[in-house]
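Analysis of the macromolecular model
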Amino acid sequence: MALALTGLVLAGILAERRELWLDEYHTWWLSTMSLPSLWTFVTGDVHPPLYFALMNGWQRLASDSPLALRLPSLLAYTASVFVFAAALRPAGGTAAVRSAAVALFALSPALVYYGSEARMYALTVLLATASLACIVRLHDERGAARQSDATALAVAATLLVYTHYTGLFFLCGVGLAWLLRCLRRRAEWRPFVRFAVLAGVGTVLWLPVILEQRARKTAIDRLHVAAVAATGPASTPATRANGTAAATTPAGTVATTPGMIPWARNLALSTASIMGVFPAPGVVLAGLLAAPFLVLVVGVLMALRSRDELAFTLLVVFAVSAAGTLIVPISRRYLLVAAPALFLLLWRGLAALQRLRPALVLAGPAAAVVSLAGCLRMTTTPEAHPLAHIASVIRADTSRLPVHIISNYAAVPLRYHLRRDSAPAILGFPVNVEAWWASQAFKGWATVPVTRDSTEAWLGAHAAPDLWLVQFEADFQDPWQYMADGLDRRYVRTEVAADVLRGTSWHLYRLTTRHGARP
């Protein structure tokens with residue numbers, strides 16, 4: 001209880017002091033839609049529907065303040081701590097071992113961070129933890145409810161797939177680990193078949209949508225890259241003529257594959273960050289921070305060497321889930337689906353260390369202290385609130401000028417901040433993002449192609465625009481490089497609130513006509 005409350009307080013502090021980020025505004029936007037519109041958008045996007053459907057219902061009951069939007073994630077994170085604690089069998093070690101394992105889980109900076117975010121990651125961790133709790137019970141030779149545990153595991157794992165697609169990798173890891181166990185224990189076949197049938201049917205029902213989402217995403221990425229390559233600032237007649245050649249490269253990636261060594265390094269750093277080893281200046285300090293975690297890894301190796309079947313199962317689940325994230329650009333938040341298996345592995349390692357020498361269990365609390373230090377550093381780090389500042393400046397302007405957003409999908413966040421005012425028109429640049437989405441089979445988030453031609457067309461259509469211009473330059477779609485010269489030829493561009501926004505990816509400009517200037 002104390003550990004769960006500690007983690008909840010830390011996550012609550014983050015939820016209260018952080019501004020929503022772009023993906024969280026996406027959650028808010030979907031939560032305001034009607035259910036038919038939500039279904040159309042989600043099935044046309046790249047995400048499964050469960051979390052957004054839940055948030056749509058939640059938003060109808062609660063307010064849409066940042067804390068209210070994040071409250072379901074806070075509750076899911078807290079629930080996952082209790083489910084994790086319940087999964088630790090008394091046969092797996094003493095109360096000290098179990099408490100140290102729960103502390104590692106509850107104080108993981110990554111779990112605390114994403115437990116304070118209005119996205120599906122906290123629910124992902126909760127469902128993965130519940131699935132592994134069923135696996136722990138299935139490994140308990142004294143358990144009698146094996147068929148019911150298999151059913152519960154199938155339901156939890158299937159819901160995980162409908163929450164985040166990394167759940168597919170988790171489901172494969174669970175299936176592979178259980179199949180290997182069946183080869184050694186014939187009595188495992190019946191519960192395994194029940195699990196496989198239920199999870200298989202539940203997943204296959206959604207498989208056509210997954211394939212269609214993937215095909216649409218690939219197609220729109222190819223069109224996007226081809227358009228940008230053909231009309232970008234570095235384009236030549238040759239590249240314009242061969243713009244389709246660039247269509248073979250997915251959007252947001254480089255033409256060459258990064259190779260396994262960078263992927264493995266990224267995976268190792270992401271795993272370390274989930275465990276609680278945060279970046280440190282200098283090799284010596286980094287080594288000191290990593291030392292207790294390395295002792296825990298030694299304990300895991302000892303558990304595997306002693307033929308701990310549960311440890312082997314957890315290792316397979318973690319390895320397959322983590323390896324699956326290599327298919328997509330790996331990010332710490334994608335690896336969260338494997339985090340519960342990682343912390344249960346560390347629990348088995350702590351139990352093995354205790355059998356060797358009880359004093360070695362101190363590695364668990366020591367690692368938890370390092371994790372707590374990472375959480376405290378995270379919650380006390382100052383954070384800018386650029387959108388709130390931009391909205392306050394626009395709100396104070398009595399002339400009610402229209403607002404244009406450079407980087408089209410950022411229109412949604414600013415609309416959130418101005419939603420209760422008689423806000424002026426808020427348009428994505430250089431096209432209205434909702435209008436563009438309405439014309440596309442793919443409804444994806446942040447996919448509107450922005451090219452030289454579209455920016456020139458926009459500049460030509462706005463000969464005398466007294467307006468606010470908000471520039472967001474955080475991704476490869478940023479069209480600023482295409483239009484800065486054109487803007488300065490036509491208009492007087494005055495930067496507003498520059499000091500407040502310095503160091504962020506946002507800029508706010510007031511545009512007025514430059515009299516006598518020629519286009």
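Residues numbered from 1 in each chain as written. Predicted model: local features only at pLDDT ≥ 70, side-chain atom pairs only at ≥ 80, totals over all residues. Heavy atoms only, no water.

1. Overview of the side chain of Thr27
- Following the sequence through the fold, Thr27 ends up in helix 2 (residues 22-31).
- Residue Thr27 is classed as buried on the basis of its relative accessible area of 1%.
- Contacts of Thr27, omitting those with residues within four sequence positions, involve Tyr51, Phe52, Met55, Ala118 and Arg119. (Helix = DSSP H or I, 4+ residues; strand = E, 2+ residues; numbered from the N terminus. Buried < 20%, exposed > 50% of the residue type's maximum accessible area, 1.4 Å probe, protein only. Contact = heavy atoms within 4.5 Å.)

2. Notes on empty space enclosed by the protein
- Taken as a whole and judged by the stated rule, the model has two cavities of 30 Å³ or more.
- In this structure, the largest cavity spans a volume of roughly 80 Å³.
- As for the largest cavity, its lining consists of Ile135, Leu138, His139, Leu153, Val174, Ala177, Trp178, Arg181, Glu188, Thr313 and Val317.
- Only helix 8 (121-139), helix 10 (167-184) and helix 16 (309-324) provide two or more residues apiece to the lining of the largest cavity.
- With four residues, the single largest contributor to the lining of the largest cavity is helix 10.
- A breakdown of the residues in the lining of the largest cavity according to their chemical character gives seven nonpolar, two polar and two charged.
- Roughly 40 Å³ of volume is contained in the second largest cavity.
- Lining the second largest cavity are Tyr77, Ser80, Ala110, Leu111, Tyr114, Gly115, Tyr121, Ala122, Val125 and Leu336.
- Those elements that place two or more of their residues in the lining of the second largest cavity are helix 5 (66-87), helix 7 (109-114) and helix 8.
- Residue composition of the lining of the second largest cavity, grouped by class: eight nonpolar, two polar and no charged. (1 Å grid on protein atoms, 1.4 Å probe; cavity = no way out; pocket = protein on both sides within 12 Å on 5 of 7 lines; lining within 4 Å. Points joined across faces, edges and corners; volume = space filled by probe spheres on them. Nonpolar A, V, L, I, M, F, W, Y, C, P; charged D, E, K, R; others polar.)

3. A closer look at the layout of surface pockets
- When its volume is computed, the second largest pocket comes out at roughly 390 Å³.
- When residues of the lining of the second largest pocket are traced back to their parent elements, those giving at least two are helix 14 (260-275), helix 15 (283-305), helix 16 and helix 17 (339-356).
- Grouping the amino acids of the lining of the second largest pocket by side-chain chemistry returns 19 nonpolar, one polar and no charged.

4. Focus: the confidence of the model for the chain
- Of all residues in the chain, 80% have pLDDT values of 70 or greater, and the mean over the chain is 81.
- Here helix 13 (residues 237-241) is the element of the chain with the lowest mean pLDDT, 42, and helix 5 is the one with the highest, 95.
- Low pLDDT, under 50, characterises residues 515-519; the predicted model gives this stretch five contacts beyond four residues in sequence or across chains. (pLDDT = per-residue confidence, 0-100.)

5. Remarks on the environment of Tyr25
- With respect to the secondary-structure elements, Tyr25 resides in helix 2.
- For Tyr25, a relative accessible area of 0% translates into the label buried.
- Taking C-alpha positions, Tyr25 is 6.6 Å from Val412, a pair spaced 387 residues apart along the chain.
- Not counting chain neighbours up to four residues away, the residues in contact with Tyr25 comprise Glu19, Leu20, Leu387, Val412, Pro413, Tyr416 and His417.
- In this structure the side chain of Tyr25 is engaged in a polar contact, spanning 3.4 Å, whose partner is the backbone oxygen of Leu20. (Polar contact = N/O pair within 3.5 Å; in protein donor to acceptor, adjacent residues only side chain to side chain.)

6. Observations concerning unusual backbone geometry
- Phi angles above zero are rare outside glycine, and Arg307 is one such case at about 65 degrees.
- Looking at the element boundaries, Arg307 is found in the loop between helix 15 and helix 16.
- Of note in the backbone geometry, Ala497 takes a positive phi value of approximately 55 degrees without being a glycine.
- Within the secondary structure, Ala497 sits in the loop between strand 4 (491-496) and helix 24 (498-501).
- Its relative accessible area of 26% is what places Ala497 among the partly exposed residues.

7. Things to note about the pattern of salt bridges
- In the structure shown here, the tally under the stated rule is ten salt bridges.
- Of the charged contacts, one joins Arg216 and Glu212 as a salt bridge, the two residues approaching to 2.7 Å between their closest N and O atoms. Of this pair, Arg216 and Glu212 both sit in helix 12 (residues 207-231), separated by four residues, roughly a single helical turn.
- The class for Arg216 is partly exposed, based on a relative accessible area of 25%.
- The salt bridge partner of Arg348 is Asp308, with a shortest N-O separation of 2.7 Å. Taken together, the positions of Arg348 in helix 17 and Asp308 in the loop between helix 15 and helix 16 put the pair 40 residues apart, joining distant regions of the chain. Each member of the pair Arg348 and Asp308 is classed as buried.
- One salt-bridge network, held together by shared partners, links Arg181, Arg184, Arg185, Glu188 and Glu309. (Salt bridge = Lys/Arg side-chain N within 4 Å of Asp/Glu carboxyl O.)

8. Quick look at the packing of aromatic side chains
- Counted under the stated rule, the structure contains 13 aromatic pairs.
- Where Tyr51 meets Phe52, the ring centres are 5.6 Å apart and the plane angle is 70 degrees; that geometry is what we call edge-to-face. Taken individually, Tyr51 and Phe52 each receive the classification buried, so the pair is uniform in this respect.
- Among the aromatic residues, those joined into a cluster by ring pairs are Trp178, Trp189, Phe192 and Phe195. (Phe/Tyr/Trp six-rings, centres within 6.5 Å; stacked < 30°, edge-to-face > 60°.)

9. As for a nonpolar patch on the surface
- Together, Leu179, Leu183, Trp189, Val193, Val197, Val201 and Leu205 line one region of the surface with nonpolar side chains, adding up to about 660 Å² of accessible area.
- Examining the composition of the nonpolar patch, we find that four residues originate from one element, helix 11 (residues 189-204), more than from any other.
- Tracing the sequence through the fold places Trp189 in helix 11. (Patch = residues over 30% accessible without salt bridge, like charges linked within 9 Å, V, L, I, M, F, W, Y side chains within 5 Å. Areas by Shrake-Rupley, 256 points an atom, 1.4 Å probe, with all protein chains shown as cover.)

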